[in-house]
Amino acid sequence: MNKRIDFFKVAVKNFKTSGTIAPSSRFLAKKMLKNIDFSTSKVLVELGPGNGVITHQVLKNIAPDAHLICFEVNDEFYTHLKKINHPQLTVLKTSAEYIDVELQKLGYHKACHIISSLPLTIIPKEISHAILENSLNSLVKDGTFIQYQYSLTYYKYLKTVFKDAISLGFEVLNIPPAFIYRCKKLN
């Protein structure tokens, strides 16, 4: 069966955890990852990888001594991601709000970059705020939190978490078009 049709069925059935009915485009994935220096990034985290469009792009570019840790709570997407046979990939069926705890369990202190596809606007506010605060605390100095959303709803809150170290991009070649928030940890 066609991968897009599979994604559509899972996404519609689980809209509350997927937040979309179409997978991320390769254009969105490339734009989200374009400023990452993969040669120096040793620990990367992906929140809400869905069917793995961005995951595959990261794994194509990842340094030989780096590691990618994915957090996915949707059963079907988790099962799909577990089938990716790559020695530098760890897939966890855990909420992203526990990013700091899970990194410690895996023996990592901080992440260089966190790439998020989480539908922040439909996640309960206390959980989405915990995810953002714990993500900030889990980044190395000058590490980035990269998030896409279909609206500017979370821009104001991201500015309170990451202060003024935030830039905004847009990718029209995605269904629907998406805003890309690029947030940097300054200290």
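Residues numbered from 1 in each chain as written. Predicted model: local features only at pLDDT ≥ 70, side-chain atom pairs only at ≥ 80, totals over all residues. Heavy atoms only, no water.

Caption draft 1: Structural detail: helix α3 (residues 26–33). Within the span of α3, buried status applies to Leu-28, Ala-29, Met-32 and Leu-33. Down the axis of α3, the smallest arc covering the buried residues is 120 degrees, so these residues share one side. (Buried < 20%, exposed > 50% of the residue type's maximum accessible area, 1.4 Å probe, protein only. Helix = DSSP H or I, 4+ residues; strand = E, 2+ residues; numbered from the N terminus. Arc of directions from axis to C-beta.)

Caption draft 2: View of the packing of helix α7 (residues 125–137) against helix α8 (residues 155–162). Across the interface, α7 lies against α8 with an axial gap of 10 Å and an inter-helix angle of 35 degrees. Judged by the sense of rotation from one axis to the other, the crossing of α7 with α8 is right-handed. Here α7 contributes His-129, Leu-132, Glu-133 and Leu-136 to the contact with α8, which in turn contributes Tyr-157, Leu-158, Val-161 and Phe-162. In terms of residue class, the contact of α7 with α8 is made up of six nonpolar, one polar and one charged. (Axes fitted to C-alpha atoms, helices over the stretch in contact; angles between N-to-C directions. Left-handed = near helix turned anticlockwise from the far one by under 90°. Contact = heavy atoms within 4.5 Å. Nonpolar A, V, L, I, M, F, W, Y, C, P; charged D, E, K, R; others polar.)

Caption draft 3: Up close: a nonpolar patch on the surface. On the surface, a cluster of nonpolar side chains totalling about 360 Å² of accessible area is made up of Phe-27, Phe-170, Val-172 and Leu-173. By relative accessible area, Leu-173 is classed as partly exposed at 48%. (Patch = residues over 30% accessible without salt bridge, like charges linked within 9 Å, V, L, I, M, F, W, Y side chains within 5 Å. Areas by Shrake-Rupley, 256 points an atom, 1.4 Å probe, with all protein chains shown as cover. Salt bridge = Lys/Arg side-chain N within 4 Å of Asp/Glu carboxyl O.)

Caption draft 4: How the structure looks around the confidence of the model for the protein. Of the residues in the protein, 88% reach a pLDDT of 70 or more, and the chain-wide mean stands at 90. Scored below 50 in pLDDT, residues 7–21 shows 32 contacts in the model against residues more than four places distant or in partner chains. (pLDDT = per-residue confidence, 0-100.)

Caption draft 5: Quick look at the sheet that holds strand β6 (residues 166–171). Spatially, the seven strands line up as an open sheet ordered β3-β2-β1-β4-β5-β7-β6, and their pairing is mixed. Across the chains shown, the open sheet's two edge strands, defined by having one partner strand only, are β3 (89–92) and β6. Each neighbouring strand pair of the sheet contributes to a mean axis angle of 15 degrees, computed without reference to strand direction. Lying on the sheet, α3 is in contact with β4 (111–116), β5 (139–149), β6 and β7 (178–184); it crosses β7 at an angle near 20 degrees. (Pairing = 2+ DSSP bridges.)

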